[in-house]
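What follows is each chain in one-letter form.
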Amino acid sequence: LTIPQTPMFYEICTQKGMYVIDAVDISPVIDDEIKNIANAPELLKYFYDRCLNTYLRNRNYSCIIGWSLGNSTHNGYNYKKAYLYFKNELDSVRPIVFKGAAGKWNNDEIN
């Protein structure tokens, strides 16, 4: 799921022992790397805002075992900065996965 769910969803997952990787809603589907919003520094504030809002909304649910920065998008500057913001200021413990990173610098390996 890539959109925020209701609190009831996270409560049920916590009660039932289900694991959730919570997605930050910053996954624009753009097939053109040149028009990629991940490389628009003027939009970095919005990446940070979405990371912070997702973290504050769901940080206390024990079912959340990790965070996702998105799925269907190209990697770029704003995703790197969002990854570092999450790791250095919000949650240094839980892993961050990002399909768009494809093993690059803003994706934690989970085995």
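The structure we're discussing is the one just above.
These numbers were taken from a predicted model, which means no experiment stands behind them.

Colleague: If you had to explain the sheet that holds strand β1 (residues 20–23) to someone new, which residues and values would you point to?
Modeller: Here three strands make up an open sheet; going across it, the order is β1-β2-β3 and the pairing parallel. Strands at the two margins of the open sheet, each flanked by one partner only, are β1 and β3 (96–97). The pairing of β1 with strand β2 (residues 64–68) spans four bridges and is classified as parallel. In the sheet register, D22 faces β2, and the bridge partner there is W67.

Colleague: Tell me about the pairing of β2, and name the residues and values.
Modeller: Here β2 lies mainly inside the structure; four of its five residues are buried. One ladder, built from two bridges, connects β2 with β3; its direction is parallel. Note on β3: the bridge partner recorded for S68 is V97.

Colleague: Tell me what's going on with the nonpolar core, and back it up with residues and numbers.
Modeller: Core analysis: the biggest nonpolar cluster contains 23 residues, and C51, C63, I64, L69, Y79 and F86 have the highest contact counts within it. If you list the elements that add at least two residues to this core, you get α1 (7–16), α2 (44–58), β2 and α3 (77–90). In terms of residues, this core owes the most to one element, α3, which gives six residues. Aside from chain neighbours lying at most four places away, what touches C63 is Y10, C13, T14, M18, Y19 and V20.

Calculation rules
Residues numbered from 1 in each chain as written. Predicted model: local features only at pLDDT ≥ 70, side-chain atom pairs only at ≥ 80, totals over all residues. Heavy atoms only, no water. Pairing = 2+ DSSP bridges. Helix = DSSP H or I, 4+ residues; strand = E, 2+ residues; numbered from the N terminus. Buried < 20%, exposed > 50% of the residue type's maximum accessible area, 1.4 Å probe, protein only. Core = buried A, V, L, I, M, F, W, Y, C linked by side-chain atoms within 4.5 Å. Contact = heavy atoms within 4.5 Å.

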